[in-house]
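Survey of secondary and tertiary structure
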Amino acid sequence: MPAQGKHRRTRTISLRRGLAAVTTGGAVLALPVIGATSAFAAPAPAAPQAAPAPAAVSAQANSAAQAAPAQHSVRAGETLSKIAREHSVSGGWEKLYEGNRKIVGENPDLIHPGIKLTLGAASAKASDGKAAKASPSAARGAAADRADRSERIAAAPVANAAPAAEKQAVAYTNDLDGWIKESLAIMAEQGIPGTYEGIHRNIMRESSGNPAAINNWDSNAVKGTPSKGLLQVIDPTFQAYHVPGTSTDSYDPVANITAACNYAADRYGSIDNVFGAY
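Quantities reported herein were computed from a predicted structural model and do not represent experimental measurements. (Residues numbered from 1 in each chain as written. Predicted model: local features only at pLDDT ≥ 70, side-chain atom pairs only at ≥ 80, totals over all residues. Heavy atoms only, no water.)

1. Brief notes about the nonpolar core
- Membership of the largest hydrophobic core comes to 25 residues, with the highest contact counts inside it found for Ile 180, Ile 199, Ile 203, Leu 231, Ile 257, Cys 261 and Tyr 278.
- Contributing elements (two or more residues each) for this core: α8 (176–190), α9 (196–206) and α12 (253–268).
- For this core, the element with the highest residue contribution is α12, accounting for eight residues.
- Within the second largest apolar cluster, 13 residues are counted, among which are Ala 84, Leu 96, Val 104 and Ile 111. (Core = buried A, V, L, I, M, F, W, Y, C linked by side-chain atoms within 4.5 Å. Buried < 20%, exposed > 50% of the residue type's maximum accessible area, 1.4 Å probe, protein only. Helix = DSSP H or I, 4+ residues; strand = E, 2+ residues; numbered from the N terminus.)

2. Some words on the packing of α8 against α12
- α12 packs onto α8 with a crossing angle of 50 degrees between their chain directions and a minimal axis gap of 9 Å. As judged from the angle between their axes, α8 and α12 are oblique. When you trace α8 past α12, the crossing you get is right-handed. Contacts between α8 and α12 involve Trp 179, Ile 180, Glu 182, Ser 183, Ile 186 and Met 187 from the former and Pro 253, Val 254, Ile 257, Thr 258 and Cys 261 from the latter.
- Looking at the contact of α8 with α12 residue by residue, the classes come out as eight nonpolar, two polar and one charged. (Axes fitted to C-alpha atoms, helices over the stretch in contact; angles between N-to-C directions. Parallel < 35°, antiparallel > 145°, perpendicular 65-115°, else oblique. Left-handed = near helix turned anticlockwise from the far one by under 90°. Contact = heavy atoms within 4.5 Å. Nonpolar A, V, L, I, M, F, W, Y, C, P; charged D, E, K, R; others polar.)

3. Things to note about α8
- Spanning 15 residues, α8 covers 21 Å between terminal C-alpha atoms, matching the ideal 21 Å at 1.5 Å per step.
- Here α8 has its buried residues at Leu 176, Gly 178, Trp 179, Ile 180, Ser 183, Leu 184, Ile 186, Met 187 and Ala 188.
- Within two residues after α8, Gly 191 carries a phi angle of roughly 75 degrees, on the positive side. (Expected span 1.5 Å × (residues − 1).)

4. A closer look at the pattern of salt bridges
- What the rule picks out here adds up to five salt bridges.
- In this structure, Lys 181 engages Asp 177 in a salt bridge whose closest nitrogen and oxygen atoms are separated by 3.2 Å. Of the two residues, Lys 181 and Asp 177 both sit in helix α8, four residues apart, roughly one turn of that helix.
- Using a relative accessible area of 41% as the deciding quantity, one classes Lys 181 as partly exposed.
- In this structure, the salt-bridge partner of Asp 235 is Lys 228, at a minimum N-O distance of 3.1 Å.
- For Asp 235, a relative accessible area of 25% gives the class partly exposed.
- For Lys 228, a relative accessible area of 14% puts it in the buried group. (Salt bridge = Lys/Arg side-chain N within 4 Å of Asp/Glu carboxyl O.)

5. Examining the environment of Ala 240
- Mapped onto the elements of the fold, Ala 240 is located in helix α11 (residues 235–240).
- Using a relative accessible area of 58% as the deciding quantity, one classes Ala 240 as exposed.
- Taking the C-alpha atoms as reference, Ala 240 lies 8.4 Å from Tyr 263; in sequence the two are 23 residues apart.

What follows is the structure, given as structure tokens:
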């Protein structure tokens with residue numbers, strides 16, 4: 001019995017990675033081509049760092065401006081108490097004086113028109129009771145404030161002098177209120193301290209607001225030099241403390257007030273410090 005042969009089916013090998021092409025010269029194996037879609041893309045360049053937004057810069061500038069202490073230029077007739085009330089200074093006039101003692105001086109009742117007061121400048125304290133370290137910007141602000149204060153002190157005599165044109169432009173009423181206000185303007189030019197309240201209080205005690213008042217019964221009258229006018233000034237005192245630019249008549253309301261305030265400033269520091277016979 002003839003031996004049985006083993007028959008095998010020829011297996012067709014599928015080329016999944018290539019293609020066979022038959023030519024007269026033989027078989028050529030064509031390899032798959034890697035398309036552009038399979039190529040690695042070059043890394044994208046890093047995006048430039050965005051510059052700070054203008055709004056952020058503006059906000060920082062506004063914060064710095066708000067942090068700077070406000071200032072007030074003293075006008076004739078003002079007091080620390082009045083300024084503290086108008087600007088709602090925390091701690092009242094005492095706190096305002098404490099923060100401006102170097103420029104005001106030892107007498108808080110004596111403030112000269114033209115000086116600039118710093119309002120509400122307070123130093124921050126750390127929670128442990130030690131002073132918090134100031135930031136560079138705060139340090140620069142403090143240094144600038146000290147420099148500005150030095151300039152104000154050096155220029156104080158110039159700042160106190162009001163231009164003549166401004167004086168001529170102001171019209172004062174011919175009554176007690178107008179006389180006091182005109183006197184205060186002249187006092188500001190001459191650097192004579194005093195406030196509306198201090199002058200008015202002393203006038204009402206001395207003459208009740210009568211510019212023609214005269215005292216013919218006290219010791220001065222016995223000596224032949226009776227007290228005259230709104231603030232009851234004797235002639236020798238009026239002549240010694242007469243303010244240039246005012247009338248030489250001691251009964252003149254404005255001349256009488258300014259001369260009396262000039263005398264009071266020399267003897268008591270200010271008319272505001274007078275509460276009785278002077």
